[in-house]
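Coordinates in review
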Amino acid sequence: MPSLPEHPEPAASASPPAAPWWETGVIYQIYPRSFQDSNGDGIGDLEGIRRRLDYVSHLGVDAIWLSPIFPSPMADFGYDVADYRGVAAMFGDLAQFDRLLAEAHAKGLRILLDFVPNHSSTQHPWFVESRSSRTNPKRDWYIWRDGAPGGGPPNNWTSDMGGSSWEFDPATGQYYLHAFLKEQADLNWRNPEVRAAMMDVLRFWFDRGVDGFRIDVMWHAIKAQGLPDNPPNPDYAPGMGEKYKVLQTHSTDQPEVHEIARDFRALADSYGERLLVGEIFLPLPKLMEYYGTPAMPGVHLPFNFQLLEAPHWNAGALARIIADYEAALPPGGWPNWVMGSHDAPRIAGKLGEAQARVAAMLLLTLRGTPTLYQGDELGIGVVEIPPDRIRDPQDLRQPGLGLGRDGARTPMRWDAGAHAGFSAAEPWLPLGDDWRTRNVAVQDAEPGSMLALYRRLLAIRRANPALNRGTLSSVAADQDVLRYERSDGSDRFLIALNMTSAERQLMLPEGADVAELVISTIPGRSFDGRLAPDEGVILRMTHH
Ligand code: GLC
Ligand code: CA
């Protein structure tokens, strides 16, 4: 089985170096449209989130990441920003944001915003100016090119949302680049004015007190000089989505992106402990470059999507993923793990309830900052979206390919009352079939619920340094059981996850004895040396 590099441990007597909050903390992603509606329009808003802060703080997380709340025509539900320094009227206003932030801080919760630097809405005043004439001072803030000599778009780049990455604009007879929707025009990060304007955006929010940012599609931010054609993807097959027609060799992950990261980081660090999380989908060695180097630091946490993307969910595959990720981390790079998002199918939908409980234990016992997506703590599974209720532009533009993201964006279920307590009106997306039985109120009252499990796991993680900042070792997979140890000095825990629906004998590491069952994913279990089907356990260990 894969072995892990040993992470050196400080001597037990030395006082531990102060760790930044995110190394022990847990991030909770809120999708504002779908958390809580306060004004009966069927769409969540900031005031709704404020009213639910006690729920979030009682859950036991440390920071909230809010998907975009900025003014936007909502072509991509806020990832098309029309004003980087405001709040969309449907979500509230700046005063409501300030109040939310102050109340969150008062409860010990931090707030991260979603920064979307790669592209703006085509309704952003910058783009409106840019498209107005070829000589406008903001022309070069976006990426404009003449068509190819024989006609057609300037190069072969394809949009992540399907079709060409280029849109012809008759007003000035040129094409502009858009890596996503045509309503999302890519900014030109080679232009120093764009960089300066975007740094000002970050300052604007840091000055208001926000605790950091999740940086949207960060690896897209700058393109190769000259915009050469991308190589065709030899593995492309129709049905994959047109984004996969070409390899994004020249349109993403350019070396200069790390200079941008360095500038963001320097600014964040100048404000104290502010966190930058980068959204980056790249193979491990490339992903790790986004941590930067001591001479040129990058973001604090390049999102690790290995669990979201795992092609096989079994003990061996996961042991390999954990070991490979840990081994690839640069010196001093703090790990992180993501198990759900507004872009990905829900984990409980993929695995079912029993294994989703095991997955919760995995997420909350691995070494590194976990990001938990709203609703996963209720075990929300697949929500079927009837065709007439599909809203995701990615699905609408390329129907039938299974690219829809609405299923993960359905509203939170708070109780069994009208519209699940989410709204006084019909919600913008359906709630799903099981909301009357799978909601916060029901699970609050059930000691064995998924919600209760999440709360206990979060509390156990918080109370035990071994399970948050501690070392990770002895990752192994054996007979469908994934196990690893977390330790801090003489404090040691064994995590054993039975990933099959058959009983398994627990193999203990050499020289280790079980001192205590800390928690099982199955309520009411006592430990007898075996793992029940689909059972995960945290065991406190002694060593002889
Ligand atoms: C990110 C967002 C996704 C959005 C895309 C374009 O991947 O998470 O929702 O569609 O960027 O901004
Ligand atoms: Ca609302």
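Another point: the sheet that holds strand E15 (residues 481-488). Taking strand neighbours across the sheet as the criterion, the 5 strands line up as E14-E15-E16-E20-E18 in an open arrangement whose pairing is antiparallel. Both outer strands of the open sheet, strand E14 (471-478) and strand E18 (512-520), are each paired with one neighbouring strand and no more. For this sheet the average axis-to-axis angle between neighbouring strands, irrespective of direction, equals 25 degrees. With 7 bridges connecting them, E18 and strand E20 (residues 536-543) associate as antiparallel partners. Residue pairing in the sheet places aspartate 513 in a bridge with threonine 542 of E20. Docked against the sheet, helix H10 (residues 315-328) engages E14 and E15, running at close to 150 degrees with respect to E14. Each of E15, strand E16 (491-498), E18 and E20 is contacted by helix H12 (residues 353-365), which is oriented at about 150 degrees to E16, the strand it contacts most.

Split into domains, the chain comes out as domain 1 (25-119 + 191-458) and domain 2 (125-186). Distance from the C-alpha centre of domain 1 to the C-alpha centre of domain 2: 28 Å. The interface of domain 1 with domain 2 comprises 32 residues on the first partner and 25 residues on the second. Of the roughly 2400 Å² buried between domain 1 and domain 2 on both sides combined, carbon and sulfur atoms contribute 59%. Three residues stand out in domain 1 for area buried against domain 2, namely His119, Leu227 and Arg397, and they jointly supply 22% of the buried area on that side. In this assembly, domain 1 and domain 2 are joined by 2 salt bridges. Notably, a salt bridge pairs aspartate 160 with lysine 243, separated by 3.7 Å at the nearest N-O pair. Of all the elements, helix H6 (residues 192-208) adds the most residues to the side of domain 1 that touches domain 2, at 4 residues. Taken together, the residues of the side of domain 1 that touches domain 2 sort by class into 12 nonpolar, 10 polar and 10 charged.

With that out of the way, let us pick up the sheet that holds strand E6 (residues 166-169). The pairing of strands in a sheet happens through backbone hydrogen bonds and is either parallel or antiparallel. The 3 strands are arranged E5-E7-E6 in an open sheet whose pairing can be described as antiparallel. With one partner strand each, in any of the chains shown, strand E5 (144-145) and E6 form the two edges of the open sheet. One ladder, built from 2 bridges, connects E5 with strand E7 (residues 174-177); its direction is antiparallel. Across the sheet, the residue bridging to tryptophan 144 is tyrosine 176, located in E7.

Quick notes on the rules
Residues numbered from 1 in each chain as written. Chains lettered and ligands numbered in written order. Predicted model: local features only at pLDDT ≥ 70, side-chain atom pairs only at ≥ 80, totals over all residues. Heavy atoms only, no water. Pairing = 2+ DSSP bridges. Helix = DSSP H or I, 4+ residues; strand = E, 2+ residues; numbered from the N terminus. Axes fitted to C-alpha atoms, helices over the stretch in contact; angles between N-to-C directions. Contact = heavy atoms within 4.5 Å. Domains from an automatic or database assignment. Buried area = accessible area lost by both parts, 1.4 Å probe. Salt bridge = Lys/Arg side-chain N within 4 Å of Asp/Glu carboxyl O. Nonpolar A, V, L, I, M, F, W, Y, C, P; charged D, E, K, R; others polar.

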